[in-house]
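Read off the chains here:
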Amino acid sequence: MPFVKVYIHFVWSTKNRVPFLETLDIRKAMWKHIKENAIEKGIFVDYVNGYNDHCHCLVSLGTEQTICKIMQLIKGESAFWFNNQKFILDKFQWQNEYFAVSVSESVIEKVRNYIKNQEAHHNKKSFQEEYEELIDKFGFQKFNDEE
């Protein structure tokens, strides 16, 4: 049996950044569902949280898992579940794009705390500002903001 510990910090937004996750209760339900669904699918979600228009998820990849497949499983199923809950009248969708960056074991606790404190963080900074910082910090190239 291989011993693997590869942490990935995922960040993705709602379609067109619409604040579908408008209340704390709705957000808590979504994060709880993502975590429970991940367990069923053999995905180790270390921490999940976010704000009204996006999600942060710290995942430890398994040996047979890929970034693309993890995102398909989490995003696709959680949008389907959310729509079945009828929390909102509109159709809920996640944006196609996402961020995925590796996280060193030495900063895991710092990343957990960052994800944990999303509510307070976004009282001071918009997701657009956070998005721009992620683009700059990790040297991503922007190809298309519209998806």
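For the structure itself, look to the data block above.
The numbering scheme is per chain: residues are counted from 1 as the chain's sequence reads. The predicted origin of the model limits local features to residues at a pLDDT of at least 70 and limits the giving and counting of side-chain atom pairs to 80 or more, whereas totals for whole chains, interfaces and linings rest on all residues. Note that the side-chain values use all heavy atoms of the structure and ignore hydrogens as well as water.

A. Spotlight on the pairing of strand β3 (residues 54–61). Where burial is concerned, most of β3 is hidden: eight out of the eight residues are buried. Residue exposure (1.4 Å probe, protein chains only): buried if accessible area is under 20% of the type maximum, exposed if over 50%, otherwise partly exposed. The secondary structure listing takes helices from DSSP runs of H or I that are at least 4 residues long and strands from runs of E that are at least 2 residues long, numbered from the N terminus. Alternating positions in β3 separate into two faces, His54, His56, Leu58 and Ser60 on one and Cys55, Cys57, Val59 and Leu61 on the other, with burial throughout. By the bridge criterion, eight bridges tie strand β1 (residues 6–13) to β3 in an arrangement that is antiparallel. Residue pairing in the sheet places histidine 9 in a bridge with leucine 58 of β3. Criterion used throughout: strands pair if DSSP finds at least two bridges between them. In this sheet, β3 lies alongside strand β2 (residues 44–51) in antiparallel orientation, the contact comprising seven bridges. Considered in β3, the bridge of valine 45 is made with valine 59.

B. Region of interest: the pattern of salt bridges. The term salt bridge refers to a pairing of a side-chain nitrogen on Lys or Arg with a carboxyl oxygen on Asp or Glu at a separation within 4 Å. The tally for this structure, following the rule as stated, stands at four salt bridges. Across the pair arginine 27 and glutamate 119 runs a salt bridge, and its minimum N-O distance is 2.7 Å. In this pair, arginine 27 is assigned in helix α1 (residues 24–40) and glutamate 119 in helix α4 (residues 118–124), connecting sequence segments 92 residues apart. Classification of arginine 27 as buried rests on a relative accessible area of 6%. When its relative accessible area of 24% is taken as the criterion, glutamate 119 is described as partly exposed. Two residues, arginine 112 and glutamate 109, come together in a salt bridge whose shortest N-O distance is 2.9 Å.

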